[in-house]
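Structural characterization, general
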Amino acid sequence: MATLSILKSPFIGGILATTVVVFFAPTLVKLATAFGPAEYFALAVFAFLAISSVVSDSIVKGLVALGIGLVLAMVGVDGPSGTIRYTLGLPQLFDGISIVVITVGLLALGEVLHIASRIHRDPESVKIKPSGRPRLHRHDIKKALPAWLRGTAFGLPFGIIPAGGSEVPTFLAYGTEKRLAKRRGDIEFGQMGSIRGVAAPEAAANATAGTAMGALLALGLPTSATAAIMIAAFQQYGMQPGPLLFERSGPMVWTLLASLFIGLVILLIMNMQFAVLWAKLLLVPRHYLYAGITVLSVLGVYAISAALLDLWILLGVGLVGFMMRRYEIPLAPVLIAVILGPLAETELRRALTVSEGDMGILVSSGITITLYTILALTLAFTAFKHLHERKKARELAETSEMAGV
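This one's a predicted model, so the numbers in the text were calculated from it and none came from an experiment.

1. Points about the overall build of the chain
- Each helix and strand counted, the chain has 15 helices and 2 strands in total.
- Within the chain, buried positions represent 40% of all 405 residues.
- Put simply, the chain shows about 22,000 Å² of open surface, and 69% of that area lies on carbon and sulfur atoms.

Okay, structure coming up:
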């Protein structure tokens, strides 16, 4: 069922996001143009701290992960000043550490090392049943629908602002579903596969991609790597995305938006036929699966730049990812910090340059005040909830000890 939810979630998120772009493009333009350097910095800080507190059971561990990501993001040449930072004198690091190397090291190699360290303690702890339904039933859709809508709500606003692509709303959506599952006592989440756990992040990712297309067409603003490639393609044909594109090439724009709807439907139909095949990948024995992941990870990283240094960095980041799993430190804040760290630093410097060093500019607009207020309330609620859960666990332990005595 989780595999089927993965296939339908991008369809739901993409359809809703494309519909929003079609009917609310002028509103999206006004919202995006309201963001200046101070607003972008506030958004980055909001993403840093919100994700660090949401995806982790401990705010301290979330902040530790955030610090690791910011350290990795600072390696290389500082753009505004041209200062070389933390490169150990190696010219290969002047451009910084590739996000691909960090992602593969943390998520792939780190997981392989973690599984290998516990192979004899957790032998085949998850059993895959060779049965199931090739279609979602009505009660499955009813269960997944709220998660689809929540994920789409996370993804829509992040597509129109350059805030790291789909990673931020994806992690926010997953963290929200994780907390809701814990509140409901959902034992499927993180164990047997939860429909909600894959429905929300996938919907968020495609919703972000949909509104990113709106920002590209209406503003000429590429908010993701894919949008940057598309704007280059537009320019090759002599078209400049932006407000005038709707006037000069209106038929082409609306045809492109219509093709998004058609493409999503075709993608859903094709993927639904292969759902059973994708699910069978889970039947591959773990030692073969993780050996293949390791080989493909190393080959993929080496293929990017053909640099041996990247392989050593991959190993180092993989060991960091392994230690983070061992001590239950979340990985999401690291990736978000690496992605948004340069943006936050650049926008902070721009804001302070415009204000000639006056820190008041960081809270000088309604958007920044709103973001910081929501962030403060979120952190206060999260801290209160953590303290309450810790007190409840302590009382339960004391009750158990008294019952044992």
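Okay, back to it.
2. Structural notes on the pattern of salt bridges
- Under the defined criterion, the tally for this structure stands at 5 salt bridges.
- For R85, the salt bridge goes to E345, with nearest N and O atoms at 2.8 Å. With R85 in strand β2 (residues 84-85) and E345 in helix α14 (residues 332-354), this residue pair connects regions lying 260 residues apart in the sequence.
- Taking relative accessible area as the criterion, R85 reaches 14% and is therefore assigned buried.
- Overall, E345 belongs to the partly exposed group, its relative accessible area being 23%.
- Residues participating in the shared-partner salt-bridge network are R85, E345 and R349.

3. Focus on the nonpolar core
- Counting 27 residues, the largest nonpolar core has F48, I51, V168, L172, I336 and L340 as the members making the most contacts within it.
- For this core, the secondary-structure elements that each account for two or more residues are α2 (37-54), α6 (167-184), α14 and α15 (366-404).
- Counting residues per element, this core draws most heavily on α2, at 11 residues.
- Judged by nonpolar contacts, the second largest core, of 21 residues, contains V101, M324, L331 and V334.

4. Things to note about unusual backbone geometry
- Positive phi, close to 55°, is recorded for Y86, a residue that is not glycine.
- Considering the arrangement of structural elements, one finds Y86 in the loop between β2 and α4 (99-117).
- Of note, the phi angle at L88 is positive, near 55°, even though the residue is not glycine.
- Relative to the helices and strands, L88 is located in the loop between β2 and α4.

Analysis parameters
- Residues numbered from 1 in each chain as written.
- Predicted model: local features only at pLDDT ≥ 70, side-chain atom pairs only at ≥ 80, totals over all residues.
- Heavy atoms only, no water.
- Helix = DSSP H or I, 4+ residues; strand = E, 2+ residues; numbered from the N terminus.
- Buried < 20%, exposed > 50% of the residue type's maximum accessible area, 1.4 Å probe, protein only.
- Areas by Shrake-Rupley, 256 points an atom, 1.4 Å probe, with all protein chains shown as cover.
- Salt bridge = Lys/Arg side-chain N within 4 Å of Asp/Glu carboxyl O.
- Core = buried A, V, L, I, M, F, W, Y, C linked by side-chain atoms within 4.5 Å.

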